[in-house]
Amino acid sequence: MNRCTLLIRPPLRPSLLAALFAVGVFCAAPAPAQVPAALGSVRNFPEAALRGTLVVSGMYDAQLDGKAIRMAPGVRIFSPQNTLVQAHTVIGTSFTVNYVKENSTGMLLTAWILSKGEAEHKRKGGEAERNFVFGSDAASPR
């Protein structure tokens, strides 16, 4: 006499197993937004981002183009693959970066470490601006 008829299940059909497998494979595939920048996608930088050379000198201090700057408490440093880099892991290393400062405090808010290809594109910042011309800069008369 078999009293537990609800606990005995029939075996799963092969079509149902195939459907469950397909859903599992689809969910495990990476989304397009997770593809690293090094694989051909292009990073878009904000218009306000400037170019410079960043050297992290401590947990809260850095040098940007040779000038001391404080890093904001929520500073984000992105690698060329667009992954977050912890500031303490790159202390003392020099990088060419695009960066954004916080408007109210002037602290470094976000920095993107550039790949060689990205560094070749010209961007404002990184070079000293001056309001005068040296004699050697002027075109020589012929």
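Since this is a predicted model, take the numbers as computed values, not measurements. (Residues numbered from 1 in each chain as written. Predicted model: local features only at pLDDT ≥ 70, side-chain atom pairs only at ≥ 80, totals over all residues. Heavy atoms only, no water.)

1. Digging into a nonpolar patch on the surface
Cut-off, in case you're wondering: Every patch collects residues that have over 30% relative accessible area and no salt bridge, joining them within 9 Å if they carry like charges and within 5 Å if they are nonpolar side chains (Val, Leu, Ile, Met, Phe, Trp, Tyr). The Shrake-Rupley method, run with a 1.4 Å probe sphere, supplies the accessible areas, and residue values consider only the shown protein chains as cover. Whenever a carboxyl oxygen of Asp or Glu lies within 4 Å of a side-chain nitrogen of Lys or Arg, that contact is scored as a salt bridge. Secondary structure is summarised from DSSP: a helix means a run of H or I of at least four residues, a strand means a run of E of at least two, and numbering begins at the N terminus for each. Three labels apply to residues, based on accessible area from a 1.4 Å probe with only protein chains included: buried if under 20% of the type maximum, exposed if over 50%, partly exposed otherwise in between.
Nonpolar side chains collect at one region of the surface, where Met59, Tyr60 and Ile91 lie side by side and expose about 320 Å² of accessible area between them. Here Ile91 is to be found in the loop between strand S4 (84–85) and strand S5 (94–101). Residue Ile91 is classed as partly exposed on the basis of its relative accessible area of 42%.

2. Examining the environment of Pro73
Along the chain, Pro73 falls in strand S3 (residues 67–78). A C-alpha to C-alpha distance of 9.7 Å links Pro73 and Met59, two positions 14 residues apart in sequence.

3. Some thoughts on the side chain of Ser79
What counts, and what does not: Note on contacts: a residue pair is in contact if any heavy atoms of the two residues lie within 4.5 Å.
Among the secondary structure elements, Ser79 is positioned in the loop between S3 and S4. On the basis of relative accessible area, Ser79 is assigned to the buried category, the value being 7%. The contacts of Ser79, once residues within four sequence positions are left out, are Arg43, Val85 and Ile113.

4. Some remarks on the confidence of the model for the chain
As a reminder of what qualifies: Confidence scores per residue from the predictor, reported as pLDDT, run from 0 to 100.
The share of residues in the chain with pLDDT of 70 or more is 58%, and the mean pLDDT across the chain is 79. Throughout residues 31–38 the model reports pLDDT below 50, and contacts reaching past four residues in sequence, or to other chains, amount to eight contacts.

5. Quick look at the pattern of salt bridges
Opposite charge on two side chains permits pairing when their charged atoms draw close. Enumeration according to the criterion identifies two salt bridges in this entry. Where Asp61 meets Arg70, a salt bridge forms, and the shortest distance between an N and an O atom there is 3.1 Å. Judged by its relative accessible area of 44%, Arg70 is partly exposed.

6. Focus: the nonpolar core
Going by this rule: Residues enter a nonpolar core if they are buried and are Ala, Val, Leu, Ile, Met, Phe, Trp, Tyr or Cys, with the set joined through side-chain atoms within 4.5 Å.
Leu54, Val56 and Val97 are the most contacted members of the largest nonpolar core, which totals 16 residues. Contributing elements (two or more residues each) for this core: strand S1 (50–56), strand S2 (61–64), S3, S5 and strand S6 (108–113). Phe45, Phe78, Val100 and Trp112 belong to the second-largest nonpolar core, a separate cluster that totals six residues.

7. What to know about the pairing of S5
Inclusion rule: Any two strands with at least two DSSP bridges between them are considered paired.
Taken together, the six bridges between S1 and S5 define a ladder with antiparallel strand orientation. By the bridge assignment for S5, Thr53 is matched with Thr96. Bridge count between S5 and S6: five bridges; the pairing is antiparallel. Of the residues in S6, the one forming a bridge with Tyr99 is Ala111. The hairpin formed by S5 and S6 contains six residues between the paired strands, and Gly106 there has a positive phi angle of roughly 80 degrees.

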